[in-house]
Amino acid sequence: MTIRVVVAEDQSAVRAGLVLILRSAGDIEVAGEAADGEEAVRLARELRPDLVLMDVQMPRLDGVSATRRVVAEGLADVLVLTTFDLDAYVFGALRAGAAGFLLKNAEAAELIEAVRTVARGEGLIAPAVTRRLIAEFAVPQAVRPCVPPERAAAVASLTRREREVLGCLGEGLANAEIAVRLEMAEATVKTHVSRLLAKLELRSRVQAAVLARELGLQQDSGEPG
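Since this is a predicted model, take the numbers as computed values, not measurements.

Participant: I keep staring at the pattern of salt bridges and nothing clicks. Help me out?
Facilitator: In a structure, side chains of opposite charge can pair up when their charged atoms sit close to one another. A full pass over the atoms with the stated rule returns 14 salt bridges. Glu-33 is the salt-bridge partner of Arg-15, the closest N and O atoms lying 3.3 Å from each other. Taken together, the positions of Arg-15 in helix α1 (residues 12-23) and Glu-33 in strand β2 (residues 28-34) put the pair 18 residues apart, joining distant regions of the chain. The exposure class assigned to Arg-15 is buried, which follows from its relative accessible area of 14%. On the basis of relative accessibility, which here comes to 36%, the residue Glu-33 falls in the partly exposed class. The salt bridge involving Arg-160 is made with Glu-164; its shortest N-O contact spans 2.7 Å.

Participant: Got a minute to help me understand helix α9 (residues 175-182) in this structure?
Facilitator: Every α-helix winds through 3.6 residues per turn, so residues three or four apart in the chain are directed the same way. Of the residues making up α9, those classed as buried are Asn-175, Ile-178, Ala-179 and Leu-182. All buried residues of α9 fall inside an arc of 105° around its axis, so they share one side. Those residues of α9 that are buried are in contact with α8 (160-170), α10 (186-200) and α11 (205-215). The first or second residue beyond α9 is Glu-183, which carries a positive phi of 55°.

Participant: Would you mind going over the side chain of Glu-9 with me for this structure?
Facilitator: In this structure, Glu-9 sits in the loop between β1 (3-8) and α1. A polar side-chain atom of Glu-9 sits 2.9 Å from the main-chain amide nitrogen of Gln-11. Once you skip the residues sitting within four places of it in the chain, Glu-9 turns out to touch Val-14, Arg-15, Leu-18, Ala-34, Ala-35, Asp-55, Met-58 and Lys-104.

Participant: Which parts of the structure should I look at to understand the packing of α9 against α10?
Facilitator: Angle between the axes and distance between the axes: these two values describe a pair of packed helices. Orientation of α9 relative to α10, taken along the N-to-C sense of each, is 105°, at an axis distance of 8 Å. Put simply, α9 runs roughly perpendicular to α10. Packed against α9, whose contacting residues are Asn-175, Ala-176, Ile-178 and Ala-179, the element α10 presents Glu-186, Val-189, Lys-190 and Val-193 at the interface. Split into classes, the residues belonging to the contact of α9 with α10 amount to five nonpolar, one polar and two charged.

Participant: Can you help me understand helix α5 (residues 108-119) in this one?
Facilitator: For α5, which comprises twelve residues, the first-to-last C-alpha distance of 17 Å matches the rise-based estimate of 16 Å (1.5 Å per residue) to within 8%. Those residues of α5 not exposed but buried are Leu-111, Ile-112, Ala-114, Val-115, Thr-117 and Val-118. Following α5 by one or two positions, Gly-121 adopts a phi angle in the positive range, close to 95°.

The rules behind these values
- Residues numbered from 1 in each chain as written.
- Predicted model: local features only at pLDDT ≥ 70, side-chain atom pairs only at ≥ 80, totals over all residues.
- Heavy atoms only, no water.
- Salt bridge = Lys/Arg side-chain N within 4 Å of Asp/Glu carboxyl O.
- Helix = DSSP H or I, 4+ residues; strand = E, 2+ residues; numbered from the N terminus.
- Buried < 20%, exposed > 50% of the residue type's maximum accessible area, 1.4 Å probe, protein only.
- Arc of directions from axis to C-beta.
- Contact = heavy atoms within 4.5 Å.
- Polar contact = N/O pair within 3.5 Å; in protein donor to acceptor, adjacent residues only side chain to side chain.
- Axes fitted to C-alpha atoms, helices over the stretch in contact; angles between N-to-C directions.
- Parallel < 35°, antiparallel > 145°, perpendicular 65-115°, else oblique.
- Nonpolar A, V, L, I, M, F, W, Y, C, P; charged D, E, K, R; others polar.
- Expected span 1.5 Å × (residues − 1).

Encoded structure:
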């Protein structure tokens, strides 16, 4: 299956390099190129790609705001690509519903695999960013932002299996790894992920992983629910 991608990057030389890398993969088609956030959203609406590769710092509309619009309208998955690993960008992109976050210093093969991973419906966070997230959620609960009561209530409504899957997402496991951990078919895992995202009103499995860590579910995922 060909993965159709819109590349959004304001620096023309960088954008050309990204396009060249992606086109070197036989299963990836660059459907469009955008030089700013507004154009990225327009192309996503017009072309309905599978994925938008989104830079963070762009004119007219920044990448986080553009991601929010693309995801809110259900136009495509978004893989955020930036030179920055600052918390403001990481958490801003995750809250906006990005399905992945990759730093620009990633190797060409890493970029291609990241696109494939997100296109398969898997979340992806660069290792450097993952370490920041783990550090953030290692902070004592008392000083963390509180999970809204309605979100906590929605988690309580999940079935035992859905809570187990949510806990695995909090550990950063892929669908195949969850299937092995919980001894179920990978297709069944995908079904559980889709259902829990709908119940929790979340836009991506990455957001689900963040929520699981906020609630400490990665430590007690086998707990009945």
